[in-house]
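Spelled out from the first residue to the last, the chains are:
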Amino acid sequence: MTQTNRLDGGLIDRSTPLSFTFDGRTYGGFAGDTLASALVANGVRLVGRSFKYHRPRGIISAGSEEPNGLVELRAGARREPNSRATMTELHDGLVATSQNRFPSLRFDLMAVNDRFSAFLGAGFYYKTFMWPRAFWERVYEPIIRRAAGLGSLSGAPDPDVYDRGFRHCDLLVIGAGPAGLMAALTAGRAGAEVILADEDFRPGGRLLQERIAVGGDSGAVWADAVIAELASMPNVRVMPRSTVIGVFDHGIYGVLERTGDHLQTPAEGKPRQVMWRVYARRALLCAGATERLIGFADNDRPGIMQAGAVRGYVNRFAAAPAEQVAIFTNNDDGHRTAGDLAAAGVDVTAIIDSRPDAPASDVAELFAGAVVTGTSGRLGLGGVSLRLADGGHKHIHCGALAVSGGWNPNVHLTCHHRGRPVWQDDIAAFIPGEGVPPGLAVAGAARGIFSTAGALADGAAQAVAQLDEIGIRAPASKLPDSEDAGFAISPLWHVPGKKRAWLDQQNDVTVKDVKLAHQENFRAVEHLKRYTTLGMAGDQGRTSNVLGLAVMAELTGRSIAETGTTIYRPPYSPTPIAAFAGRSVGREFRPTRLTPSHHWAAEQGAVFVEAGSWLRAQWFPREGETTWRESVDREVLATRASVGVCDVSTLGKIDIQGGDAGAFLDLVYSNTFSTLPVGKTRYGLMLREDGMVMDDGTTARLGETHYLMTTTTANAVGVYRHLEFVRQCLRPDMDVQLISATDSWAQFAVAGPNARLVLQQIVDPQHDLANDAFPFMACADISVCGGVPARLFRISFSGELAYEIAVPSRYGDAMIRALMEAGEPFDITPYGTEALGVMRIEKGHVTGNELNGTITARNLGMARMVSSKKDSIGAVLAGREALVAEDGLCLVGLRALDGGQVMAGSHLFDAAGPVDAAHDRGYVTSAAYSPHIGASIGLGFLVRGAERHGEVIRAMNPLEGRSAQVEICSPHFIDPEGERLRD
Amino acid sequence: MIIDHPLLGPRDAQEFVILGDAGLIDRPDWKADDAAEAFYEYQYLRDNPAGTHRELWYHEMGDRSWLIVTRDTVTHAVLKVELASQRRRT
Amino acid sequence: MISLETTTALGNKAPYDETIGGLRITEIAAPVLASLAMRRGKAAGFKRAAANIFAGGLPAPGTSSGDADRRVIWMGPDQYLVEGMTGTELGAAFGAHAAVTDQGDAWAGFEISGADCVAMLERLSSADSRRMTAGSATRTPMHHMHCVLVCRKTGEAFTVYGPRSAAQSLHHALTAAAASL
């Protein structure tokens, strides 16, 4: 495991050797390495194949902008494709695999694409897969899908957990380079709440990668000292491994913290990543700058890297990209690179500086005014060809080429509110311009201040300015001394030539593609982007965009400033969807509400169904029952024959109190409640202002100024919101107070001819349940089982003699057991939502299926319930001409003939005639098998339905290919006179 | 987004539910001669401008207040927040 | 006569009590809670009654007042949640000045204590628990549930109330957050 390219020095921990595999081969590295630096140290240059042409590719950068060094990390269910080797912290046992190659990285069959590159240029897919149309889905799509993508997913559920979180601060500092560290220090010392987020596992930014002294020490020593001071401040939180991915409205920032990515597997229960929602009063973007390459023929060969990345590998990671390194530059950074390489003992074979007036070099042979015109080597760089200033040619051997085309400030986050960067000529780069999100300022290299001294000073000054805006006075910190060199650049975007010169290496976009886009008139930057896919890869064009639009500017004869740049959008760097989901996955996707009798029902073997966020018992299978229908039919018949019990606690319950409570209810219900006597319950119909039915339920008057409203389970939240709207927005003058009581009460429907006999054993004896004493629609505060407070309502959803009895929820579990015990002599039968549904359909009671938002009281046959003698919501618009027309829909009952089946969703058609939209007479809303009728029945809406009882029509369901002959009847299949209720 | 609640200070918009144009506060008189027309306009002819807009927001995951939020729908800037129950009746 | 036993919000006889890392999470066995809303036009009498019962009178928005036995938490304009008094007791004290509703069965309550309280709450709530001091109280969503968060001791002890029917989900959210630190 010799690390062939490992140098002395660096910021790695040589006392902690680590072992990892790449494509099955074992290599060694050290703590403090990234996967990329360890590969470099081991002399591995070839790490992947390109997206379209399957060209051999190597690592280009040492940061999050990496377009080429993408690998699959880990194995099995934890496999993660397209992971940037440059952002992967090395740990012992790390497993990485190259992608987009078959059968192997060194020999890839699809590399044949490269030979056909002339046909695969920009727009190839748009132009090629046009016709015949019949081929789109069957032929072309499978071809395109096979070719698309780099890595592949494991296909197994991710076994790790992810979390979300919320943090608040006065100042969020984004990036811990010289500007960010100085800003955090200044703000921290002033006592402000500070969060310092940096995407690296070790804060310091370029201070770790350069040989630049700060305050008399190395940059890394200074950075460590600052971090130590920040860590000692309780008001400062340093978040390494944390990427600020987006800027949202009003100072909300998305921050992805990779808490477990650097571990073999996160400990049980610990998240792999945490997505923080940071609320920052002010933020300072100190994200630094990204170095760009230069376009020249075959500039994508493994071994060609950013000059700054070469310095990073040599200085921070003690890893030489090759034994012999050449440099190609258009600015002074190339010379700095040469100095660093020479100091580390690496052979610098040439400095190729495109500037004719390039400064002299004392470490390597300088070719001023020369450019690189081509490269050679099969799976890695072997040498470069030059065109010299005098027009001559030369070939130079090298295993790596450090390229510096200048620096692009990392303005991305300033564009998240459609901010437009502006071009600054002297640094040949875009800097933040108009539209930077409010509350966000920019400091250091991110706004084009490239010297270390300049970044330190700007970080401190911007922190003071930002804190001043929110009333925190920060004394200026003393600045450490550092280099303050100017930045001299003569732009060179690409070296003209006939062969392909890459701009966007991840998406395989070349200078030729931009020329083609220009030729075909896709000249606006946004068109260029979409036509060529330039900048549409995972890196959002961080190394390529400016190059591409500079080439376009050249072709159109406009300046780069005029050409403009595309918009950057969140996320700043690729972010797993799992991190956005956090813990909201699987059963915990949203909260589950359990009924008070849930544990008891589970003991009975109940089958549960999700009803909104509730889990309700759907039916209670008994031994020997093989189908759900058997269980449901039994529950229905037993209830109607003797007595059944059902947990109805899920119905919304709203406690309404106040001197104007009755008047308030008169406004929100279409019928009148102010006249309801105390101790009585009334059915209420609630309309929306447009006249459609919103909800229904019973409301009880518990006292002179005290009502209790019930809502349907599904609408409980919406109705409460509506009532608060009426109370606060429409009638703030009324004396009305509201509070939800849904969770307070465990409520059970006890239904059937023996319901009273069961309850008499539970209810304390002083409460008379006789029909005269407690008639239909009565309600009372009572006590049960020797003094436990309870509420009793004589209401019925099933159509039987029935009560709903409520006890405080803490007694709910005991209450269902008590009811079952008391009901044993009557063979009391627990029933679930299915039987509940069957019985309410048999009785013709409407529910959410019927109250679908398009139904009026008139459609339900309840027009008389809309009082015209008082103001009530919806009453005026319910009177609109079309809503009171004679040929409106009417609620009807439907009974299937000849053993047919009524299906909800079927549409109704006359007995004869065409089946089309023009002849549609209505539709079926609910359907069930009625053991009472012995047939399939349903409820539905039918034009002039009330006049058509007795007719036979057709219920058609073309989607399911089903139809049935149905007889129109009253929606009340049982006890239409309501005698059972009143017994 | 952040909504600066008049009683509770800045709160994440995720805690709120939006209803729309604050014109819904001014419900017409049901007894007026033109009630049908007035209710039609009240219900259906509501504003939805690109620019400054008064909207109703409900602090459902908070104190259950209905708020009138004056907001620029283009920039999302929140310009003014009032309790709906406290508005001066016009 | 059948007698009725109570269960906790999590559905057990005994309240949940567990220490996870540096955090202790305890279910409140039987919360004593009632909602208190001022009747319109009864402000003077309402405030007078409150001043008699609660040390410090009525709390400002975002806070609670009272003492260890009886606390009153601001819930909304003219609306409060009272700890330590039943609806009956509270109704008797306020008479016609207030609308009172028992809420002891509406909420599941969990006490959280330990040095990692704030770190845990950061994973659950957008409330700035770091800046909450003893007595601070706020309604806040936690894992999509409408909750009430009360600070008992700055940085060290909090109470979370959530919908009783969602006690299991709230419990899962709390314990998972505690275990993830």
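Fair warning: this is a prediction, and the values are worked out from it, not measured in the lab.

Caption draft 1: A look at the overall build of chain C. Scanning chain C for helices and strands turns up four helices and 11 strands. Its C-alpha atoms give chain C a radius of gyration of 17 Å, within 12% of the compact-globule value 16 Å for 181 residues. Its C-alpha atoms give chain C principal-axis dimensions of about 50 × 50 × 25 Å. Across the 181 residues of chain C, 54% fall into the buried class.

Caption draft 2: The arrangement of the overall build of chain B in detail. Counting its regular elements, chain B contains one helix and six strands. Expressed along its principal axes, the backbone C-alpha trace of chain B runs to roughly 45 × 25 × 20 Å. Here chain B holds 90 residues, and the buried ones make up 29% of them. In chain B, once contacts between residues fewer than 6 apart in sequence are set aside, the share between residues at least 24 apart is 48%.

Caption draft 3: Expanded view of the sheet that holds strand S41 (residues 779-784) of chain A. Residues and elements named next belong to chain A. In spatial order, the strands read S41-S42-S43-S40-S34-S44; together these six strands make up an open sheet with mixed pairing. Strand pairing shows two members of the sheet lacking a second neighbour, S41 and strand S44 (829-830), which therefore form its edges. Across two bridges, the pairing between strand S34 (residues 644-647) and S44 is parallel. Within the sheet, the bridge partner assigned to Val645 lies in S44 and is Pro830.

Caption draft 4: Representation of the interface of chain B and chain A. Contacts between chain B and chain A engage 19 residues on the former and 17 residues on the latter. For the side of chain B that touches chain A, the secondary-structure elements that each account for two or more residues are helix H1 (35-44) and strand S4 (52-58) of chain B. When residues of the side of chain B that touches chain A are assigned to their parent elements, the largest contribution, four residues, is made by H1 of chain B. Grouping the amino acids of the side of chain B that touches chain A by side-chain chemistry returns 13 nonpolar, three polar and three charged.

Caption draft 5: Just the interface of chain C and chain A, in detail. At the interface, 39 residues of chain C touch 42 residues of chain A. Residue composition of the side of chain C that touches chain A, grouped by class: 12 nonpolar, 17 polar and 10 charged.

Caption draft 6: Highlighting the pairing of strand S32 (residues 607-611) of chain A. All names here are of chain A. In this sheet, strand S33 (residues 614-619) lies alongside S32 in antiparallel orientation, the contact comprising five bridges. Across the sheet, Val609 pairs through a bridge with Arg616, a residue of S33. Hairpin connection of S32 to S33: two residues between the antiparallel strands, including Gly612 at a positive phi of 65°.

Caption draft 7: Focus on the confidence of the model for chain C. Looking at chain C as a whole, its pLDDT mean stands at 97, while 100% of the residues score no less than 70. Here the complex is predicted with pTM 0.95, and the ipTM for its interfaces comes to 0.98.

Caption draft 8: Quick look at the confidence of the model for chain B. Overall, the prediction assigns chain B a mean pLDDT of 95, with 97% of residues at 70 or greater. Ranking the helices and strands of chain B by mean pLDDT puts strand S1 (residues 2-5) of chain B first, with 98, and strand S3 (residues 17-21) of chain B last, with 96.

Caption draft 9: Here's a closer look at the nonpolar core. Judged by nonpolar contacts, the single largest core of 172 residues is most densely connected at Phe748, Val750, Met815 and Leu819 of chain A together with Leu36 of chain C. Of all the elements, helix H4 (residues 167-180) of chain C adds the most residues to this core, at seven residues. Apart from the residues lying within four places of it in its own chain, the contact partners of Leu819 of chain A are Val645, Phe748, Val750, Val758, Ile762 and Ile828 of chain A. Ranked by size, the runner-up nonpolar core spans 171 residues in total, among them Leu171, Ala220, Ala297 and Val314 of chain A.

Caption draft 10: Geometry of the packing of helix H7 (residues 307-315) of chain A against helix H8 (residues 333-343) of chain A. Residue and element names in this part refer to chain A. Packing of H7 against H8 leaves a shortest axis separation of 9 Å and a crossing angle of 20°. Relative to H8, the element H7 lies roughly parallel. For the pair H7 and H8, the crossing hand works out as left-handed. Counted together, Ala307, Gly308, Val310, Arg311, Val314 and Asn315 of H7 and Asp333, Gly334, Thr337, Asp340 and Leu341 of H8 form the full contact between these two elements. Among the residues forming the contact of H7 with H8, the class breakdown is four nonpolar, four polar and three charged.

Caption draft 11: Representation of the environment of Lys843 of chain A. Residue and element names in this part refer to chain A. You can see Lys843 is positioned in helix H21 (residues 833-843). Taking the number of C-beta atoms within 10 Å as the measure of exposure, Lys843 has 22 and is therefore buried. Distance from Lys843 to Ser798, taken between C-alpha atoms, is 6.4 Å for residues 45 residues apart in sequence. If we skip the residues at most four places from it in the chain, Lys843 touches Ser798, Gly799, His972 and Ile974.

Caption draft 12: Structural detail: the sheet that holds strand S22 (residues 383-387) of chain A. Residues and elements named next belong to chain A. A sheet is described by the order of its strands in space; here three strands give the open sequence S21-S22-S23, paired in antiparallel fashion. One side of each edge strand has no neighbouring strand; the edge strands of this open sheet are strand S21 (371-376) and strand S23 (393-397). Neighbour-to-neighbour, the strand axes of this sheet turn through a mean angle of 25°, independent of strand direction. Both S22 and S23 contribute to a ladder of five bridges, which runs antiparallel. Paired with Leu386 across the two strands is Lys394, which belongs to S23.

Caption draft 13: Local environment of the environment of Ala488 of chain A. All names here are of chain A. Considering the arrangement of structural elements, one finds Ala488 in the loop between helix H9 (452-469) and strand S29 (502-504). The sequence separation of Ala488 and Pro266 amounts to 222 residues, and the corresponding C-alpha distance is 47 Å. With residues near it in sequence (within four places) discarded, Ala488 still touches Asn331 and Asp332.

Caption draft 14: Molecular detail of the environment of Gln766 of chain A. As for its position among the elements, Gln766 of chain A is in the loop between helix H19 (755-759) and S41. Remark: the alpha-carbon pair of Gln766 of chain A and Leu196 of chain A, spanning 570 residues in sequence, is separated by 69 Å.

Calculation criteria
Residues numbered from 1 in each chain as written. Chains lettered and ligands numbered in written order. Predicted model: local features only at pLDDT ≥ 70, side-chain atom pairs only at ≥ 80, totals over all residues. Helix = DSSP H or I, 4+ residues; strand = E, 2+ residues; numbered from the N terminus. Rg over C-alpha atoms; globule rule 2.2 N^0.38 Å. Buried ≥ 20, exposed ≤ 12 C-beta atoms within 10 Å, placed from the backbone. Contact = placed C-beta atoms within 7 Å. Pairing = 2+ DSSP bridges. Nonpolar A, V, L, I, M, F, W, Y, C, P; charged D, E, K, R; others polar. pLDDT = per-residue confidence, 0-100. Core = buried A, V, L, I, M, F, W, Y, C linked by C-beta atoms within 7 Å. Axes fitted to C-alpha atoms, helices over the stretch in contact; angles between N-to-C directions. Parallel < 35°, antiparallel > 145°, perpendicular 65-115°, else oblique. Left-handed = near helix turned anticlockwise from the far one by under 90°.

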